[in-house]
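Spelled out, the chains give:
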Amino acid sequence: MPRAFTPFLRAAYSQSPPPRRQFLPREFMLELLQDARARLPLLEAPDLPWPLAERVHDAAYLERWRRGEVTREEERALGFAWHPAVAQRGLASCGATLSATQDALETGLGINLGGGTHHAYAGHAEGFSFLNDVAIAARQALDAGLVSKVLVLDLDVHQGNGTASIFADEARVFTLSVHAERNYPFRKEISDLDVGLPDGTGDTEYLAALEDIVMPAAQHFEPELIFYLAGADVLDGDQLGRLSLTLDGLRARDETVYGWAAQTKTPLVSLMAGGYHRDPATLIAARLGTLDAALGAFAHALGAVH
């Protein structure tokens, strides 16, 4: 039986309002978790040990964020004010991704209903991200000798600038970002492959880029582990996105990625990443569609394991 880890069961999330108005309101997050729990067990995210974060992030930077010794400028770059819950949320999100990575390596599929904080750099926070969960989990897998080639397939609407910067000189990690070219971050980093799309890109153009550019590059790299940032902020109507995919287009995107990983027996870690739709019901449908695509693609493999 597959399972999912989520930071959203933690008190830092469930007992406080979202830090930004664009985030899914708490009552709708509870609805999402209830619908997800009908599909598979949900486990509370464990805390990431701080020493693991130091394998990616500057130790002095982490200590300042643990203590709340940050400037207003740093808070503006993050996108909201520092609070003890910020550190707790970061540790929970990273802990969920690390646990999902272990599941992926053991069964083929790991799921974090959360995560994808790809704007966090080694030494500074940006874009709702102060710890880079994917970078931490990828580094742990590489350092432990569990894998030798990692693909970060970032299909969030925003470029994964922090991840690209962290792994700029790491040949064992291939960073691949498909994003709205004119959207945040406005100064892009250089990924191993960047596919910047024009505003208003819809299903046909997006899926063509996925088939003609993205998947051939991903397949050529022959990864031993995939981190898939399945951002729902590519949908038409997203408050922070500039693309125009439909729910059907999003489902086709997800089925392509999960289907390839399942067919090639490549362990995959699924992360929700961004999603800020004006209609909470649409965002919930998108998240559940992504989850269903993952479970459907890996059903045979997971059944064989368990």
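Computed from a predicted structure; not experimentally measured. Once a new chain begins, its residue numbering starts again from 1 and follows that chain's sequence as written. Reporting in this predicted model follows two pLDDT cut-offs: at least 70 for local features of residues, and 80 or more for side-chain atom pairs to be given and counted; totals over whole chains, interfaces and linings ignore these cut-offs and use all residues. Only hydrogens and water are set aside when side-chain values are computed; all heavy atoms of the structure are taken into account.

Colleague: Give me the packing of helix α6 (residues 84–107) against helix α7 (residues 133–143): which residues, what numbers.
Modeller: Lines are fitted to the C-alpha atoms to define the axes, a helix being fitted only along its stretch in contact, and any angle between axes, read from their N-to-C directions, falls within 0 to 180 degrees. Here a helix means four or more residues in a row that DSSP labels H or I, a strand means two or more in a row labelled E, and each is numbered from the N terminus. Closest axis-to-axis distance for the α6/α7 pair is 9 Å, and the angle between their directions is 40°. By the angle between their directions, the pair α6 and α7 is classed as oblique. By crossing handedness, the relation of α6 to α7 is classed as right-handed. Residues S93, C94, T97, L98 and T101 of α6 lie in contact with α7, whose contacting residues are D133, I136, A137 and Q140. Residues belonging to the contact of α6 with α7 are distributed by class as follows: four nonpolar, four polar and one charged. Roughly parallel refers to an angle under 35 degrees, roughly antiparallel to one over 145, roughly perpendicular to one between 65 and 115, and oblique to any angle outside these ranges. Left-handed describes a crossing whose near helix is turned anticlockwise from the far helix by less than a right angle; the clockwise case is right-handed. Any two residues having at least one pair of non-hydrogen atoms within 4.5 Å are treated as being in contact. Residues are grouped as follows: Ala, Val, Leu, Ile, Met, Phe, Trp, Tyr, Cys and Pro are nonpolar; Asp, Glu, Lys and Arg are charged; every other residue, Gly included, is polar.

Colleague: Could you give me a rundown of the pairing of strand β6 (residues 193–197), with the residues and numbers involved?
Modeller: Side chains L193, V195 and L197 of β6 all project onto a buried face; the interleaved residues D194 and G196 project onto a face where none is buried. DSSP calls a pair of strands paired once it identifies at least 2 bridges connecting them. The sheet contact formed by strand β5 (residues 173–180) and β6 spans five bridges and is parallel. The residue bridging L176 from the neighbouring strand is L193, located in β6. When a residue's accessible area, from a 1.4 Å probe over protein chains only, is under 20% of the maximum for its type it is buried; when over 50% it is exposed; and in between it is partly exposed.

Colleague: How would you explain the side chain of H179 if you had to name every residue and give the values?
Modeller: The residue H179 is located in strand β5 in this model. The exposure class of H179 is buried, given its relative accessible area of 1%. Discounting chain neighbours no more than four positions away, the residues touching H179 are D156, V157, H158, Q159, K188, D194, V195, G196 and L197.

Colleague: How would you explain the packing of helix α9 (residues 203–221) against helix α10 (residues 247–264) if you had to name every residue and give the values?
Modeller: For the pair α9 and α10, interaxial distance at closest approach is 10 Å and the crossing angle is 15°. When the axis of α9 is compared with that of α10, the two are roughly parallel. Along this stretch, α9 crosses α10, giving a crossing that reads as right-handed. Here D203, Y206, L207, L210, M215, A218 and Q219 of α9 come into contact with α10, specifically with G249, A252, R253, T256 and W260. Of the residues contributing to the contact of α9 with α10, the split by class is seven nonpolar, three polar and two charged.

Don't take any of this as a statement about function, it's just geometry.
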